[in-house]
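One letter stands for each residue in the lines below.
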Protein chains: 2
Amino acid sequence: MNRQATPSGGLDDFDLKILAILQRDNATPQREIGKAVNLSAPAVQRRIRRMEESGVIAANVAVVDPDKVGRPITVIVEIAVESERVDLLDAAKASFAAAPEVQQCYYVTGEADFVLVVTVASMAEYEALTRRLFFANPNIRRFRTLVAMDRVKAGLTVPLA
Amino acid sequence: MNRQATPSGGLDDFDLKILAILQRDNATPQREIGKAVNLSAPAVQRRIRRMEESGVIAANVAVVDPDKVGRPITVIVEIAVESERVDLLDAAKASFAAAPEVQQCYYVTGEADFVLVVTVASMAEYEALTRRLFFANPNIRRFRTLVAMDRVKAGLTVPLA
DNA sequence: CCCCTCGCGATACAAACTTGCGCCAACTGA
DNA sequence: TCAGTTGGCGCAAGTTTGTATCGCGAGGGG
């Protein structure tokens with residue numbers, strides 16, 4: 001085991017460099033990655049596979065521009081619940097997670113209980129979503145809507161080392 | 001022009017189906033995509049290329065699990081500014097966008113002016129970030145921190161049609 | 001001191017992508 | 001109505017890319 005100086009997760013510097021490249025563009029040929037990190041293509045391939053199997057790489061996806069597919073509106077929603085009973089929270093989580101308009105959902109501490117990032121085609125659609133997800137759930141005490149005027153930055157990139 | 005019934009963007013049903021697949025897994029072979037949508041592999045390839053060039057597909061990336069690379073903490077930050085002067089807002093946007101810990105940044109209407117999604121390794125790192133991004137900027141009036149206890153759902157998937 | 005294990009590099013193979021070509025359908029304008 | 005034009009599809013060949021196998025060298029433990 002010569003994977004040296006691994007601060008966490010069993011990843012060495014090679015893995016981190018490969019991840020950084022894949023995070024930016026996962027269509028990069030393995031040979032090119034190998035050249036960039038001074039490793040052979042098969043070695044790169046083995047490391048990628050290992051990271052996919054271990055879940056370090058959770059998915060390989062295409063990022064779609066919401067504006068270009070008729071979904072120009074992003075809203076952030078803060079939600080406060082009545083009761084923090086586990087079953088009720090789980091039900092809320094499940095309903096949020098099941099909605100395709102909900103890109104992201106975080107259960108948080110602080111003045112709110114949930115924060116949602118939602119993509120919709122129109123405010124009418126958002127209004128319909130509020131009925132379906134919020135007003136229909138008696139455990140939701142109130143929610144606060146913040147409409148995004150500018151999507152300054154939107155990604156899932158994780159800083160590496 | 002037989003691209004029929006295109007509600008927006010010049011995309012037909014084939015394109016949308018292809019997008020739906022690529023959004024879930026962009027390593028899917030084109031041949032397999034072709035079989036799924038009843039098109040030949042080259043046709044799929046042409047459509048993908050066109051969508052990449054037109055920006056419908058903004059990027060092809062690997063999604064990295066933050067937990068697995070030593071960044072277990074996600075926080076949502078709401079920021080209120082003093083002045084809405086354009087140059088000051090742009091400066092703030094630029095500073096947020098430049099920070100690698102900031103995954104997402106939205107400029108919003110409502111009680112807050114910005115919403116940030118931030119990934120950090122520890123609260124100490126977050127504290128350092130607040131100094132660097134918030135306290136160092138006199139135009140930031142106040143900020144509210146919501147620490148995520150559960151990342152219920154986190155993606156960039158856009159609902160299609 | 002030797003053996004065992006593990007990872008890397010090189011090569012060979014298989015699969016996927018990419019390109020060029022001919023065909024067909026739909027739109028345009030006379 | 002009909003010819004011209006445009007744009008997309010499928011097929012097949014060429015090329016790139018990904019994948020498996022082998023042997024080698026470097027630690028670690030018996």
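Everything here concerns the structure above.
Treat the numbers as computed from the prediction; the structure is a model and nothing was measured. (Residues numbered from 1 in each chain as written. Chains lettered and ligands numbered in written order. Predicted model: local features only at pLDDT ≥ 70, side-chain atom pairs only at ≥ 80, totals over all residues. Heavy atoms only, no water.)

## Quick notes on the sheet that holds strand 2 (residues 73–81) of chain B
Part 1 of the argument: Around the barrel, eight strands lie side by side as 2(A)-4(A)-3(A)-5(B)-2(B)-4(B)-3(B)-5(A); this closed barrel has antiparallel pairing. Within this sheet the neighbouring strands show an average axis-to-axis angle of 35°, counted without direction.
Part 2 of the argument: Both strand 2 of chain B and strand 4 (residues 114–120) of chain B contribute to a ladder of seven bridges, which runs antiparallel. Considered in strand 4 of chain B, the bridge of Val77(B) is made with Leu116(B). (Pairing = 2+ DSSP bridges. Helix = DSSP H or I, 4+ residues; strand = E, 2+ residues; numbered from the N terminus. Axes fitted to C-alpha atoms, helices over the stretch in contact; angles between N-to-C directions.)

## Focus on the interface of chain A and chain B
Interface extent is often summarised as the accessible area lost during association of the parts.
Part 1 of the argument: The interface of chain A with chain B comprises 64 residues on the first partner and 64 residues on the second.
Part 2 of the argument: Carbon and sulfur atoms supply 60% of the area that chain A and chain B bury against each other, a total of about 6000 Å² over both sides.
Part 3 of the argument: The tally of links between chain A and chain B comes to six salt bridges.
Part 4 of the argument: In this structure, Glu111(B) engages Arg144(A) in a salt bridge whose closest nitrogen and oxygen atoms are separated by 2.3 Å.
Part 5 of the argument: Considering each element in turn, the side of chain A that touches chain B owes the most residues, ten residues, to strand 5 (residues 140–154) of chain A.
Part 6 of the argument: For the side of chain A that touches chain B, the class distribution of residues is 36 nonpolar, 15 polar and 13 charged.
Part 7 of the argument: Where strand 5 of chain A meets strand 3 (residues 102–108) of chain B, five bridges bridge the pair, whose relative direction is antiparallel. Of the residues in strand 3 of chain B, the one forming a bridge with Ala148(A) is Val108(B). (Contact = heavy atoms within 4.5 Å. Buried area = accessible area lost by both parts, 1.4 Å probe. Salt bridge = Lys/Arg side-chain N within 4 Å of Asp/Glu carboxyl O. Nonpolar A, V, L, I, M, F, W, Y, C, P; charged D, E, K, R; others polar.)

## Some details on the pattern of salt bridges
Part 1 of the argument: Tallying each qualifying case throughout the model produces 24 salt bridges over all chains.
Part 2 of the argument: Across the salt bridge formed by Lys93(A) and Asp150(B), the nearest N and O atoms sit 2.7 Å from each other. Here Asp150(B) lies in strand 5 (residues 140–154) and Lys93(A) lies in helix 4 (residues 86–98), a pairing that spans two chains.
Part 3 of the argument: Accessibility expressed as a relative area gives 16% for Lys93(A), which makes it buried.
Part 4 of the argument: Exposure remark for Asp150(B): the relative accessible area of 26% places this residue in the partly exposed category.
Part 5 of the argument: A salt bridge links Arg151(B) to Asp67(B); the nearest nitrogen and oxygen atoms lie 3.0 Å apart. Of the two residues, Arg151(B) sits in strand 5 while Asp67(B) sits in the loop between strand 1 (57–64) and strand 2, which places them 84 residues apart along the sequence.
Part 6 of the argument: Overall, Asp67(B) belongs to the partly exposed group, its relative accessible area being 43%. (Buried < 20%, exposed > 50% of the residue type's maximum accessible area, 1.4 Å probe, protein only.)

## Overview of the relation of the copies chain A and chain B
Part 1 of the argument: Each copy of the sequence occupies a distinct position, and chain A is placed on chain B by a rotation of 180° and an axial shift of 0.0 Å, giving an RMSD of 0.0 Å. Expressed as a symmetry operation, the mapping of one chain copy onto the other fits a two-fold axis. The C-alpha atom lying nearest the rotation axis in chain A is that of Val61(A); the distance is 2.9 Å.
Part 2 of the argument: Residue by residue, 100% of the interface of chain A is reproduced at the interface of chain B, so both copies engage with the same surface. (Least-squares fit on C-alpha atoms with pLDDT ≥ 70 in both.)

Any functional reading would require information that these geometric values do not contain.
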